[in-house]
Amino acid sequence: MTDDTVAPSQPKRSKIKRQKTFKAPRPKRGAWRAAALAALVAGGGAFAAGYALAPEPTPDWAETVELAGSTIEVTEREYTGEQRITARLELSEEQSLTAPTGGVVRQIACEPGQTISSGDFLFMLDNRPIIALYTNPPMWRDLAVGMRGDDVTALQEELVRLGFTAPIDGQFRASTGLAVRALWREVGPANSTQQTLPLSQITWLENPEAVVTECLLAIGDRVSAGQPALVLGGNLNAINVPTTGLSAEDLVITAVGLDLTTPLPADGRITDRAFLDAYMGLHAFQMARQEGVLEQSLTTRLATPLGLMAVPPAALYDLSGPNGCVIADGSPLAVTVMASELGQSLIAVPSPIRTVVISPENPAPCR
């Protein structure tokens, strides 16, 4: 007879779903400037197409049995939509400035990286100051009182642009001569009475300003007319930003080290002179220009940040692209997923919400 030992039967444990309500700081009221925009986004606006990101995979902590069906409070988070992009710099071509006449270099104002502007003093040959001057069209003859023509008009327009008082009528009269004298007094002797503009004292600039890349003269050098004196180039004419995927209309551009921003044009070509000048002052730009690197990293962000709600990805259901649903404050609500950060989904909602349900069972449709 076999003695079999039978273990007493154990009662089956019933699976009990536990609910926990997690308390988080209540979202601050106010800062709902983006409510109207979010409502448009939820309806399928163009903005979501560029910025909506699918929620990240649900983290392990949100899939546990203990959290399923739990109600948690949500928080508001400011969203700037910041993205790193690669832009291409558009630099001016090199231009060689030559000595307009011969002589001995007695003074020189030249340093690589320096910006030369129209009307600036360049160097002194014997006792004659040589200046850079931009006119369109270029000067082709000496100009003095009594002359007239399109070159006189171009000179008058440039004198006015530089801040001098002169008529723009194509006639070199006494008033234009006084403006020319004021120009010479800025670069030469304070008591200068020169009212003529001879070609032997002018080096023509292709643009109103350019950056010096190389200085070819030194004090004491004896030069001849037409001898190269300095090389210009590398002036930042524009920054070209790829606009693929950037569908928001209120984006701005900035860069590391800049406190300045500029709106992103629809065609992606930035020509804002104040922004370009500030960017040219960055060490990163100067090194890139020196090494011939035309691609640079910039940052895009929303001009006006959005106030979004941060929710666990497991609170979302019926996702279709950026659009989905949550049980918000006890009721189904249509939302738009704008981004995912730190394991949470940032959603745009038509009005403030306080709570959502994690992994709701058999939730009702929200649309």
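Residues numbered from 1 in each chain as written. Predicted model: local features only at pLDDT ≥ 70, side-chain atom pairs only at ≥ 80, totals over all residues. Heavy atoms only, no water.

Okay, the pairing of strand β19 (residues 317-320) next. On any regular strand, side chains alternate: one points to one face of the sheet, the next to the other face. Summarising the sheet, β19 and strand β20 (residues 323-328) pair through two bridges and their orientation is antiparallel. Along β20, the bridge assignment pairs Tyr 317 with Cys 325. In this structure, the hairpin formed by β19 and β20 is closed by a connection of two residues, where Gly 321 is found at a positive phi of approximately 65 degrees. (Pairing = 2+ DSSP bridges. Helix = DSSP H or I, 4+ residues; strand = E, 2+ residues; numbered from the N terminus.)

The next point concerns the side chain of Gln 95. With respect to the helices and strands, Gln 95 occurs in strand β4 (residues 95-98). Judged by relative accessible area, which is 9%, Gln 95 ranks as buried. A polar side-chain atom of Gln 95 sits 3.3 Å from the main-chain amide nitrogen of Glu 206. Among all residues touching Gln 95, those that are not within four sequence positions of it are Trp 204, Leu 205, Glu 206, Leu 230, Val 231 and Leu 232. (Buried < 20%, exposed > 50% of the residue type's maximum accessible area, 1.4 Å probe, protein only. Polar contact = N/O pair within 3.5 Å; in protein donor to acceptor, adjacent residues only side chain to side chain. Contact = heavy atoms within 4.5 Å.)

What follows deals with the nonpolar core. Judged by nonpolar contacts, the single largest core of 30 residues is most densely connected at Leu 236, Ile 239, Val 241, Ile 253, Tyr 279 and Leu 298. Elements with a contribution of two residues or more to this core: β3 (83-91), β13 (236-240), β14 (251-254), α5 (273-280), β17 (295-302), β18 (306-311), β21 (331-341) and β22 (344-348). Sort the elements by how many residues they give to this core and α5 lands first, with four residues. One finds Ala 166, Val 180, Leu 183 and Val 187 within the second-largest nonpolar core, a separate group that totals 19 residues. (Core = buried A, V, L, I, M, F, W, Y, C linked by side-chain atoms within 4.5 Å.)

Cis peptide bonds are those with omega within 30 degrees of zero, and the linkage from Asn 136 to Pro 137 qualifies with 10 degrees. For Pro 137, the location among the structural elements is in the loop between β8 (128-133) and α3 (150-161). Here the phi dihedral of Asp 126 falls at roughly 55 degrees; this positive angle occurs in a residue that is not glycine. Within the element layout of this structure, Asp 126 appears in the loop between β7 (121-125) and β8. We classify Asp 126 as partly exposed; its relative accessible area is 28%.

The next thing to look at is the pattern of salt bridges. Per the stated rule, a full pass over the model turns up seven salt bridges. Here Arg 128 and Asp 126 are joined by a salt bridge, their closest N and O atoms 3.9 Å apart. Asp 151 is the partner of Arg 141 in a salt bridge, and the nearest nitrogen-oxygen pair spans 2.7 Å. Remark: Asp 151 occurs in helix α3 and Arg 141 occurs in the loop between β8 and α3; sequence separation between them is 10 residues. (Salt bridge = Lys/Arg side-chain N within 4 Å of Asp/Glu carboxyl O.)

Applying the stated criterion across every chain, the model contains one aromatic pair. Measuring from centroid to centroid gives 5.8 Å for Tyr 279 and Phe 285, while their planes differ by 65 degrees, and the two rings are edge-to-face. Phe 285 matches Tyr 279 in its accessibility class, with the two residues each being buried. (Phe/Tyr/Trp six-rings, centres within 6.5 Å; stacked < 30°, edge-to-face > 60°.)

Okay, the state of the cysteines next. On inspection of all chains with the given rule, the structure shows two disulfides. Between the sulfur atoms of Cys 110 and its disulfide mate Cys 215 the distance is 2.0 Å. Handedness of the Cys 110-Cys 215 disulfide follows from its S-S torsion of about -95 degrees: it is left-handed. Of this pair, Cys 110 sits in the loop between β5 (103-108) and β6 (115-117) while Cys 215 sits in strand β10 (residues 209-215), and the two are 105 residues apart along the sequence. Note on Cys 110: relative accessible area 23%, which makes it partly exposed. Taking relative accessible area as the criterion, Cys 215 reaches 25% and is therefore assigned partly exposed. Between the sulfur atoms of Cys 325 and its disulfide partner Cys 366 the distance amounts to 1.9 Å. Across the S-S bond of Cys 325 and Cys 366 the torsion is about -60 degrees, and the bridge reads as left-handed. (Disulfide = S-S within 2.5 Å.)

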